[in-house]
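Next come the chains, spelled out residue by residue.
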Amino acid sequence: MNKFFIFLFSVAFIALHNPSFGQDAASVAKYKTSAAKLGISGTSTMHDWTMTSKNGTCSAQIEVNGTSVKSIKSMQFNVNVSDLKSGKGGMDNNAYKALKSDKNPNISAEWISGTVTGNSFNGKIKLTIAGTTKETNLEGTVTANSNGNITVNGTKSFNMEDYGVKPPSFAFGAMKTGKDIVLKFDLVLTK
């Protein structure tokens with residue numbers, strides 16, 4: 001009988017002093033990619049436009065429990081402005097000029113804080129465009145895949161003038177772009 005009580009006491013002691021007892025232990029791991037996809041789209045007086053890059057870099061520390069993301073501890077994203085392409089050289093050059101790429105060659109984002117609920121995240125980031133950095137909210141999805149990769153997707157709409165970017169115009173002002181743009185990102189992060 002004493003052995004039985006000693007056994008129960010031992011199990012209770014281990015359970016009370018080990019919060020992961022009886023459940024999968026969450027762990028924080030480092031992830032990265034050099035093939036992050038970023039798209040920038042907007043409107044103009046003639047047609048909608050899109051510029052894309054598949055060469056962005058991202059590094060992150062993410063807490064995962066099995067196939068569930070528990071939290072994003074840190075994340076840094078960076079894309080070279082000159083990697084953004086529309087397929088129209090003249091438009092690209094005007095966009096690079098508007099984004100002041102000669103002095104500010106990168107668009108970057110840094111995770112400040114946020115929460116993950118299910119496969120959705122809601123966070124605050126520092127977004128830097130054309131040399132101007134602002135804190136802004138960011139929402140999207142984050143998924144732990146069965147192969148160990150993490151997928152992160154989302155969109156962010158804003159007014160480019162908030163970042164000191166003057167909407168480009170073409171053909172001596174006959175064609176003007178709208179000031180509202182949408183950033184769309186797709187990341188597959190690996191350990």
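On a predicted model such as this, the values are computed, not experimentally measured, just so you know.

**Student:** Account for the pairing of strand β2 (residues 49-65), with residues named and values stated.
**Tutor:** Sheet analysis places strand β1 (residues 27-44) next to β2, joined by 13 bridges and oriented antiparallel. If you follow V28 over to β2, its bridge partner there is E63. In sequence, β1 turns back onto β2 through a hairpin of 4 residues. Pairing geometry for β2 and strand β3 (residues 68-80), over 9 bridges, is antiparallel. Of the residues in β3, the one forming a bridge with E63 is S71. Linkage of β2 to β3, two consecutive antiparallel strands, is achieved through a turn of 2 residues, within which G66 is found at a positive phi near 65°.

**Student:** Can you break down empty space enclosed by the protein residue by residue, with the values?
**Tutor:** Using the criterion set out here, one finds 2 cavities of 30 Å³ or more in the structure. Around the largest cavity, the lining comprises 18 residues; the ones closest to its centre are F77, A109, I125, L138 and F185. Contributions of two or more residues to the lining of the largest cavity are made by β3, β4 (106-117), β5 (120-129), β7 (150-159) and β9 (175-189). A total of 5 residues in the lining of the largest cavity trace back to one element, the largest contributor, which is β4. Of the residues contributing to the lining of the largest cavity, the split by class is 15 nonpolar, 1 polar and 2 charged. Each pocket or cavity is described by its volume, and for the second largest cavity that value is around 160 Å³. Looking at the second largest cavity, it is lined by 16 residues, and the ones nearest its centre are W49, A95, L99, M160 and P168. When grouped by side-chain class, the residues that make up the lining of the second largest cavity number 15 nonpolar, 1 polar and no charged.

Conventions used here
Residues numbered from 1 in each chain as written. Predicted model: local features only at pLDDT ≥ 70, side-chain atom pairs only at ≥ 80, totals over all residues. Heavy atoms only, no water. Pairing = 2+ DSSP bridges. Helix = DSSP H or I, 4+ residues; strand = E, 2+ residues; numbered from the N terminus. 1 Å grid on protein atoms, 1.4 Å probe; cavity = no way out; pocket = protein on both sides within 12 Å on 5 of 7 lines; lining within 4 Å. Points joined across faces, edges and corners; volume = space filled by probe spheres on them. Nonpolar A, V, L, I, M, F, W, Y, C, P; charged D, E, K, R; others polar.

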